[in-house]
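Structural features, examined
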Amino acid sequence: MTGSDAVIAALRTEYGVLTEAVSSFGEDDLAGPSGAAEWDVSEVLSHLGSGAEITRATLRAALDGEPAPGQDFMHSVWDRWNAMTRRQRADGFLQANESLTALYESLDAPTRTDLRIDLGFLPAPVDLATAARMRLSELALHSWDVRVAFDEHAVLTPAATHQLLHGSPDLIGWTGKPEQLEGRQAVVQVTTTEPASEFALRLGERISVDFDLPDKPDGTLELPAEAWLRLVAGRLAPRHTPGDVVTTGAAELDLLRRVFPGY
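Looking only at helices and strands, the protein chain has eleven helices and seven strands in total. Here the C-alpha atoms of the protein chain give a radius of gyration of 19 Å, agreeing with the 18 Å that 2.2 N^0.38 yields for 263 residues. For the protein chain, the spread of C-alpha atoms along the principal axes amounts to about 50 × 45 × 35 Å. Taking all 263 residues of the protein chain together, 48% fall into the buried category. Taking contacts inside the protein chain between residues at least 6 apart in sequence as the whole, the part at least 24 apart equals 69%. For the protein chain, the exposed area adds up to about 12,700 Å²; of that, 51% sits on carbon and sulfur atoms. Charge separation in the protein chain, taken as the distance between the mean sites of 22 positive and 40 negative side-chain charges, equals 1 Å.

Compared with the 28 Å implied by 1.5 Å per residue over 20 residues, the 28 Å span of helix H7 (residues 128-147) between its first and last C-alpha is a close match. Of all 20 residues in H7, 17 are buried; the element is thus mostly enclosed.

This paragraph deals with unusual backbone geometry. With an omega dihedral of 0°, the bond running from Glu194 to Pro195 counts as a cis peptide bond. With respect to the secondary-structure elements, Pro195 resides in the loop between strand E3 (186-193) and strand E4 (197-203). Even without being glycine, Glu182 reaches a positive phi, approximately 50°. Structurally, the position occupied by Glu182 is in the loop between helix H9 (171-175) and E3. The exposure class of Glu182 is exposed, given its relative accessible area of 69%. Look at Glu194: it is not a glycine, yet its phi comes out positive at around 50°.

Within the largest apolar cluster, 76 residues are counted, with the highest numbers of intra-cluster contacts made by Leu45, Phe93, Leu201, Leu221 and Trp228. Per-element tally for this core: the top contributor is H7, with nine residues. When residues no more than four places from it in sequence are discounted, the contact partners of Leu221 are Val188, Gln189, Val190, Thr191, Trp228, Leu231, Val245, Val246, Thr247, Ala251, Leu253 and Leu256.

A few words on a nonpolar patch on the surface. Judged by side-chain polarity, Leu171, Trp174 and Tyr263 come together as a nonpolar surface patch covering roughly 360 Å² of accessible area. Along the chain, the position of Tyr263 falls in the segment after helix H11 (253-259). For Tyr263, a relative accessible area of 45% translates into the label partly exposed.

The end-to-end C-alpha distance of helix H4 (residues 71-82), which contains twelve residues, comes to 16 Å, matching closely the 16 Å that a straight helix rising 1.5 Å per residue would cover. Check the buried side of H4 and you find it contacts helix H3 (41-64) and helix H5 (86-106).

Assignment of secondary structure puts Arg135 in helix H7. Here Arg135 occupies a buried position and makes no salt bridge, while the nearest side chain of opposite charge, Glu138, is found at 5.6 Å. Those residues in contact with Arg135 that lie beyond four places of it in its chain are Leu11, Leu48, Gly51, Ala52, Thr55, Asn97, Leu100 and Tyr104.

To continue, consider the environment of Gln180. Positionally, Gln180 belongs in the loop between H9 and E3. Overall, Gln180 belongs to the partly exposed group, its relative accessible area being 31%. Gln180 sits 79 residues away from Val259 along the chain, and the two C-alpha atoms are 5.6 Å apart. Discounting residues that sit within four places of it in the chain, Gln180 has contacts with Leu255, Arg258 and Val259.

Next up on the list: the packing of aromatic side chains. One pass over the full model with this rule turns up four aromatic pairs. Ring centres of Tyr15 and Phe93 lie 5.9 Å apart, and the angle between their planes is 75°; this geometry places the pair in the edge-to-face category. Residue Tyr15 is found in helix H1 (residues 5-22), and its partner Phe93 is found in helix H5; the two are separated by 78 residues along the sequence. Its relative accessible area of 6% is what places Tyr15 among the buried residues. Residue classification places Phe93 among the buried residues on the basis of a relative accessible area of 0%. Ring geometry for Phe199 and Trp228: centres 5.2 Å apart, planes at 65°, overall edge-to-face. Remark: Trp228 occurs in helix H10 (residues 225-232) and Phe199 occurs in strand E4; sequence separation between them is 29 residues.

The rules behind each value
Residues numbered from 1 in each chain as written. Predicted model: local features only at pLDDT ≥ 70, side-chain atom pairs only at ≥ 80, totals over all residues. Heavy atoms only, no water. Helix = DSSP H or I, 4+ residues; strand = E, 2+ residues; numbered from the N terminus. Rg over C-alpha atoms; globule rule 2.2 N^0.38 Å. Buried < 20%, exposed > 50% of the residue type's maximum accessible area, 1.4 Å probe, protein only. Contact = heavy atoms within 4.5 Å. Areas by Shrake-Rupley, 256 points an atom, 1.4 Å probe, with all protein chains shown as cover. Lys, Arg positive; Asp, Glu negative; His and termini not counted. Charge placed at Lys NZ, Arg CZ, Asp CG, Glu CD. Expected span 1.5 Å × (residues − 1). Core = buried A, V, L, I, M, F, W, Y, C linked by side-chain atoms within 4.5 Å. Patch = residues over 30% accessible without salt bridge, like charges linked within 9 Å, V, L, I, M, F, W, Y side chains within 5 Å. Salt bridge = Lys/Arg side-chain N within 4 Å of Asp/Glu carboxyl O. Phe/Tyr/Trp six-rings, centres within 6.5 Å; stacked < 30°, edge-to-face > 60°.

Everything listed is a geometric property; what it means functionally is a separate question.
What follows is the structure in structure tokens.
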């Protein structure tokens with residue numbers, strides 16, 4: 001088994017969950033507001049569909065030993081999806097994501113281990129597990145954006161949560177907004193369930209996560225792992241916060257929501 005196998009399996013599971021929902025949508029559903037404040041449901045599906053198309057082209061280029069697609073290609077894809085009707089976006093998402101997922105699944109074990117992919121925005125090519133996990137993060141969070149439009153208690157799927165909990169901790173520093181701390185510094189001990197984990201969230205001039213637990217944290221945060229992932233992705237508004245989230249000290253949810261406004 002390669003490091004990417006479980007991620008690819010989670011991609012299939014996540015796609016299946018969203019497919020079941022999308023396949024039942026009528027025009028009014030597609031036009032309704034999503035969990036992404038500026039997009040209706042069809043626009044979220046457009047984002048996911050165009051992203052699947054670009055990701056597949058990038059993966060295909062790596063497999064063929066060709067340069068990664070450039071900005072001109074990406075803009076042409078976005079323009080085409082933006083011009084689609086709502087129904088075309090929904091149908092197009094289903095087709096584009098199936099094509100991408102099937103390509104991941106078709107890769108043999110040596111390719112899954114050895115392939116390196118130039119994503120275009122990172123300083124160096126990454127392995128397949130990293131690239132697939134980044135796609136999983138995109139798919140899981142925007143799947144939630146769609147599903148929460150019809151169920152305010154929607155959560156991230158267990159398959160995605162297990163793969164994403166500690167998959168890309170460096171992104172915390174990229175998404176966090178330390179200016180919201182107004183000069184304050186704190187170390188928060190975070191404890192998650194499903195899966196269980198303990199780690200330190202460091203709030204200061206740089207936002208980071210590590211496993212060097214403090215003897216005396218400035219605050220504590222206990223919550224389901226999927227809620228932690230939604231928090232740092234800007235998707236833990238009060239109405240979407242589970243009742244079993246517990247905070248003490250510096251771990252103020254209102255502050256953390258400002259530090260992680262979403263993307």
